[in-house]
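# Chains, contacts and geometry: an overview
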Amino acid sequence: MNYSVQNLTQVVDCDVLLARALKRKADLNHKRYTEENLTSRYGETSEEIEASLQIVIAEIAAETTIIAGLPEGTVKSGHIYKKKQLEYKQLVLEHRLESYGVVAYLEQELDLGTLDQQIEEVDAFIDLVTARKLELAA
C-alpha cells in the first residue's frame, strides 16, 4: 500500500509511528507463533483422531458380525450394548474430526497466511517511515 509519509514533517512523529508499528509487529509475531503451534497441534490431533476412528469402525463391524451369529440372550445383549457404545464413540470422534480435521487445519493455515501478510505490510510501513525519518534528519 502507498502511505502518505511525505506528510510527516517532524522526526518525533516518525518516532511515534515507528514505536507503534514495532509494537504492532511484536504483537503480530507473538500471535503468529501461537497460531503456528496451534496449527501443528491440529495436524497431529487430526491424524490421531482419524486413526482412532478407523479402529472404532473396525470394532463396530466386528461387533455387528458377532451379534449376527449369536442367539438371543444376555451374551447377545452385552454385544449390542458394546456396539452402541462404539457407535457413540464413533459419533464423538467424527465430531472432533470436524473440529480438528483437515478443514480446521486449512483454516489455521489461512490464519497463518493472513498474519504473514500483515507482518509484511507492517515491515513495509516501518521501512517507509524510517526512510522518511532519515530524510527529515538530514
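See the structure shown above.
Let me begin by describing the structure that accompanies this report.

The rules behind these values
Residues numbered from 1 in each chain as written. Predicted model: local features only at pLDDT ≥ 70, side-chain atom pairs only at ≥ 80, totals over all residues. Heavy atoms only, no water. Helix = DSSP H or I, 4+ residues; strand = E, 2+ residues; numbered from the N terminus. Polar contact = N/O pair within 3.5 Å; in protein donor to acceptor, adjacent residues only side chain to side chain. Core = buried A, V, L, I, M, F, W, Y, C linked by side-chain atoms within 4.5 Å. Buried < 20%, exposed > 50% of the residue type's maximum accessible area, 1.4 Å probe, protein only. Contact = heavy atoms within 4.5 Å. Axes fitted to C-alpha atoms, helices over the stretch in contact; angles between N-to-C directions. Parallel < 35°, antiparallel > 145°, perpendicular 65-115°, else oblique. Left-handed = near helix turned anticlockwise from the far one by under 90°. Nonpolar A, V, L, I, M, F, W, Y, C, P; charged D, E, K, R; others polar. Expected span 1.5 Å × (residues − 1). Phe/Tyr/Trp six-rings, centres within 6.5 Å; stacked < 30°, edge-to-face > 60°. Patch = residues over 30% accessible without salt bridge, like charges linked within 9 Å, V, L, I, M, F, W, Y side chains within 5 Å. Areas by Shrake-Rupley, 256 points an atom, 1.4 Å probe, with all protein chains shown as cover. Salt bridge = Lys/Arg side-chain N within 4 Å of Asp/Glu carboxyl O.

On to the side chain of Arg 132. In this fold, Arg 132 is placed in helix H3 (residues 102-137). At 3.3 Å, the side chain of Arg 132 forms a polar contact with the backbone oxygen of Val 5.

The next subject is the nonpolar core. Counting 12 residues, the largest nonpolar core is built from Val 5, Leu 8, Cys 14, Leu 18, Ala 21, Leu 28, Leu 115, Ile 119, Val 122, Phe 125, Ile 126 and Val 129. Elements that contribute at least two residues to this core include exactly helix H1 (11-69) and H3. Considering each element in turn, this core owes the most residues, six residues, to H3. Those residues in contact with Val 5 that lie beyond four places of it in its chain are Leu 128, Val 129 and Arg 132.

Turning next to the packing of H1 against H3. Contact geometry of H1 with H3 gives a least axis separation of 9 Å together with a crossing angle of 160°. One element, H1, and the other, H3, form an angle in the roughly antiparallel class. Relative to H3, the crossing made by H1 is left-handed.

Next up on the list: the packing of H1 against helix H2 (residues 74-100). Where H1 contacts H2, the two axes come as close as 9 Å, and the packing angle between them is 160°. When the axis of H1 is compared with that of H2, the two are roughly antiparallel. In terms of crossing hand, the pair formed by H1 and H2 is left-handed. Here the residues of the contact of H1 with H2 sort into 13 nonpolar, seven polar and 10 charged.

Okay, H3 next. For H3, spanning 36 residues, the distance from its first C-alpha to its last is 52 Å, which sits close to the expected 52 Å at 1.5 Å a residue. The elements touched by buried residues of H3 are H1 and H2.

The subject of this paragraph is the packing of aromatic side chains. If you walk through the whole model with that rule in mind, you get one aromatic pair. Seen from their ring centres, Tyr 3 and Phe 125 are 5.0 Å apart, and the 80° between their planes marks the pair as edge-to-face. Taken together, the residues Tyr 3 in the segment before H1 and Phe 125 in helix H3 connect sequence positions 122 residues apart. With relative accessibility at 24%, the residue Tyr 3 sits in the partly exposed group.

Taken together, the side chains of Tyr 88, Leu 91 and Val 92 define a hydrophobic patch exposed on the protein surface, amounting to about 310 Å² of accessible area. Relative to the elements of secondary structure, Val 92 occurs in helix H2. Judged by relative accessible area, Val 92 falls into the partly exposed class, the value being 33%.

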